[in-house]
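Descriptive analysis of the structure
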Amino acid sequence: MTSPTLTRRGLLRGAGTASVLASCTKPNGPDSSAPAITDANAPAEIGPDATSVEFTLNGKTVTVQVEPRVTLLEALRLDLDVTGPKLVCDRGACGACTVLVDGRPRNACMMLAHDVAGANVTTVEGLGEGEQLSALQAAFVRHDALQCGFCTSGMLTSCASLLRRRGSSASALTGAEVNDAIAGNLCRCGTYPNVVAAVLEVAGAKASTPNAAASATKAG
Ligand code: FES
Ligand code: FES
């Protein structure tokens, strides 16, 4: 009787089978601490066709029918005709598309429209009362804080968010803090010192921090 010979191929095949069997019979089994995904808590599947998303835009409830791939910026500009937020870099680098989502500044080109379902979205159009400019917008005009205007709606929403966040302590704002708040808003026209001066004036901080705008800009 011939004894069976062990070939290299047979050895590898056997080892592979053994390791598969070992992994199937792993004593601990699957990670029991991981939450189980059930039909009930799985995220709802949407698309690829357009489906509706509802959110609050500048105080009014709006509904748009968009495909899941559509950004918030596209939905605002193309579907809702809200063109204050600008499309410049389309990659989160310039801040021209900044809007407020639940009060926080966000790049609308980097969010999907479906991500703001149920949220509160504020664009530059929602900062004033109808045709009436907000105090911040009026200060931008007084301080010449805009030139070509491409960055301006993003600058305004970032600064409005800062003022709202600071609330009653806004009068203690410094130029450096304003520069921090607009760090993601690029202005090729170089309006930064004027933007800082406008914000400090609205905050009532100008008198308490003389030359803050100039010194903060030099520091930044
Ligand atoms: S267009 Fe969104 S960050 Fe530039
Ligand atoms: S005003 Fe022109 S880019 Fe800022």
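Everything discussed here concerns the structure shown above.
One structure accompanies this document, and this report is about it. Bear in mind that the values here come from a model prediction, so they are computed numbers and not experimental data.

Thresholds applied
- The residue numbers shown here count from 1 along each chain, following its written sequence.
- Chain A is the first chain written and ligand 1 is the first ligand written, with later ones labelled in order.
- Under the rules for a predicted model, residues below a pLDDT of 70 receive no local features and side-chain atom pairs below 80 are neither given nor counted, while totals for whole chains, interfaces and linings still include all residues.
- A run of H or I in DSSP becomes a helix once it reaches four residues, and a run of E becomes a strand once it reaches two; helices and strands are each numbered from the N terminus.
- C-beta atoms are placed from the backbone for every residue, and two residues are taken to be in contact when these atoms lie within 7 Å.
- Note on pairing: DSSP must find at least two bridges between two strands before they are called paired.
- Structural elements are reduced to axes, namely lines fitted to C-alpha atoms, with helices fitted over the stretch in contact, and the angle between N-to-C directions of any two is expressed from 0 to 180 degrees.
- In what follows, roughly perpendicular refers to angles from 65 to 115 degrees, roughly parallel to angles under 35, roughly antiparallel to angles over 145, and oblique to any angle outside these ranges.
- Here is the rule for handedness: rotate from the far helix to the near one, and if that takes an anticlockwise turn smaller than a right angle the crossing is left-handed, while a clockwise turn gives right-handed.
- For this classification, Asp, Glu, Lys and Arg are treated as charged, while Ala, Val, Leu, Ile, Met, Phe, Trp, Tyr, Cys and Pro are nonpolar and the rest, including Gly, are polar.
- Any helix carries an expected span of 1.5 Å times its number of residues minus one.
- Counting other C-beta atoms within 10 Å of a residue's C-beta gives its exposure: the residue is buried at 20 or more, exposed at 12 or fewer, and partly exposed in between, where C-beta atoms are placed from the backbone.
- Take the buried Ala, Val, Leu, Ile, Met, Phe, Trp, Tyr and Cys residues, join any whose C-beta atoms are within 7 Å, and the set you get is a nonpolar core.
- An automatic or database domain assignment supplies the residue ranges for each domain.

Moving on: the environment of A160. With respect to the helices and strands, A160 occurs in helix α4 (residues 152-166). C-alpha of A160 to C-alpha of Q137: the two residues are 23 residues apart in sequence and 9.3 Å apart in space. Dropping the residues within four chain positions of it, A160 is found in contact with L127 and L136.

Let us now look at the pairing of strand β1 (residues 51-57). Relative to strand β2 (residues 60-66), β1 runs antiparallel, the two sharing seven bridges. Pairing of T56 across the sheet is with T61, part of β2. What sits between β1 and β2 in their antiparallel hairpin is a turn of two residues, with N58 showing a positive phi close to 50°. Bridge count for β1 against strand β5 (residues 120-122) is two bridges, and the pairing is parallel. Among the inter-strand pairings, L57 is bridged to a residue of β5, identified as V121.

Our focus in this paragraph is the packing of helix α3 (residues 135-142) against α4. Closest axis-to-axis distance for the α3/α4 pair is 10 Å, and the angle between their directions is 125°. Judged by the inter-axis angle, α3 sits oblique to α4. Pair α3 / α4 crosses with right-handed handedness. Judged by residue contacts, L136, Q137 and F140 of α3 engage L156, C159, A160 and L163 from α4. Class assignment of the residues belonging to the contact of α3 with α4 gives a composition of six nonpolar, one polar and no charged.

Turning our eyes to something else, we now look at the environment of F55. By the element assignment, F55 lies in strand β1. Taking C-alpha positions, F55 is 6.5 Å from V116, a pair spaced 61 residues apart along the chain. Excluding anything up to four places from it in sequence, F55 contacts V62, V116, A117, G118, A119 and V121.

Bringing unusual backbone geometry into the picture now. Phi is positive for D102, close to 50°, though the residue is something other than glycine. Looking at the secondary structure, you find D102 in the loop between β3 (98-101) and β4 (104-107). Positive phi values are uncommon outside glycine, yet D144 reaches one of about 55°. Assignment of secondary structure puts D144 in the loop between α3 and α4.

Taking 1.5 Å of rise per residue, twelve residues should cover 16 Å, and helix α6 (residues 192-203) covers 16 Å from first to last C-alpha, within 8% of that figure. Here α6 lies mainly inside the structure; eleven of its twelve residues are buried. Listed in full, the buried residues belonging to α6 are Y192, P193, N194, V195, V196, A197, A198, V199, L200, V202 and A203. Downstream of α6 by one or two residues, G204 has phi in the positive range, about 75°.

Right, let's get into the nonpolar core. Counting residues in each nonpolar core, the largest one holds 49 residues, and the members touching the most others are L136, C159, V178, V195, A198 and V199. When contributions to this core are tallied by element, the ones reaching two or more residues are β1, β2, α2 (72-79), β3, α3, α4, α5 (175-181) and α6. Ranked by residue count, the leading element in this core is α6, at nine residues. Both domains that meet at this core, namely domain 1 (51-126) and domain 2 (135-219), each give it at least three residues. Discounting residues that sit within four places of it in the chain, V195 has contacts with A145, M155, C159 and I182.

Another aspect to go through is the pairing of β4. One face of the sheet, then the other: side chains in a regular strand alternate in exactly this way. Relative to β4, β3 is paired through four bridges, and the arrangement is antiparallel. Pairing of V99 across the sheet is with R106, part of β4. The hairpin turn running from β3 into β4, its antiparallel successor, is two residues long, and D102 in that turn takes a positive phi close to 50°.

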